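# Observations on the model geometry
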Amino acid sequence: MKKAELNKKTETVISEAKEALQTVYDALNSGQQKKVLKDEAVKVLFDRYGVEY
C-alpha cells in the first residue's frame, strides 16, 4: 500500500468516526450532553476527533 493511499484511507476513517460521534452527541438532550462531557475519557475522544460540544 502506498503512503498516499494509506493517508486517504486514514482520513476517511477519522472523518467517519467524527461524524458518528457528532451524531450521537447531537442526539442527546442537554442534560445528557453535560453528563457525558463530565467523563474525561469521552471529552478527550471528542477533542481528538474534533466533535463540537
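Structure's up top.
## Concerning the overall build of the protein
Within the protein, the regular secondary structure consists of three helices and zero strands. Ordered by position from N to C terminus, the α and β elements of the protein give α-α-α. For 53 residues, the compact-globule estimate of 2.2 N^0.38 gives 10 Å, and the C-alpha radius of gyration of the protein, at 14 Å, exceeds that figure by more than 25%. By the burial criterion, 11% of the 53 residues in the protein qualify as buried.

## Brief notes about the pattern of salt bridges
For the structure shown, the criterion picks out one salt bridge. Lys 9 serves as the salt-bridge partner of Glu 5, at 3.5 Å between the closest nitrogen and oxygen. Of this pair, Glu 5 and Lys 9 both sit in helix H1 (residues 3-27), four residues apart, which is roughly one turn of the helix.

## A look at the packing of aromatic side chains
Enumeration over the complete set of coordinates arrives at two aromatic pairs. For the ring pair Tyr 25 and Phe 46, a centre distance of 5.6 Å and an interplane angle of 85° mean the geometry is edge-to-face. Of the two residues, Tyr 25 sits in helix H1 while Phe 46 sits in helix H3 (residues 40-49), which places them 21 residues apart along the sequence. Just as Tyr 25 is buried, Phe 46 falls in that class too.

Cut-offs and rules
Residue positions are given per chain, counting from 1 as you read along its sequence in written order. Reporting in this predicted model follows two pLDDT cut-offs: at least 70 for local features of residues, and 80 or more for side-chain atom pairs to be given and counted; totals over whole chains, interfaces and linings ignore these cut-offs and use all residues. Excluding hydrogens and water, the side-chain figures rest on all heavy atoms present in the structure. Runs of H or I in DSSP of at least four residues are treated as helices and runs of E of at least two as strands, each being numbered from the N terminus. Atoms considered for the radius of gyration are the C-alpha atoms alone. The globule rule reads 2.2 Å times the number of residues to the power 0.38. Relative accessibility under 20% of the residue-type maximum defines a buried residue, over 50% an exposed one, and the middle range a partly exposed one, all with a 1.4 Å probe and only protein chains included. We count a salt bridge whenever a side-chain nitrogen from Lys or Arg sits within 4 Å of a carboxyl oxygen from Asp or Glu. Stacked, tilted and edge-to-face pairs are distinguished by plane angle, under 30 degrees for stacked and over 60 for edge-to-face with tilted covering the rest, among Phe, Tyr and Trp rings (Trp via its six-membered ring) whose centres lie within 6.5 Å.

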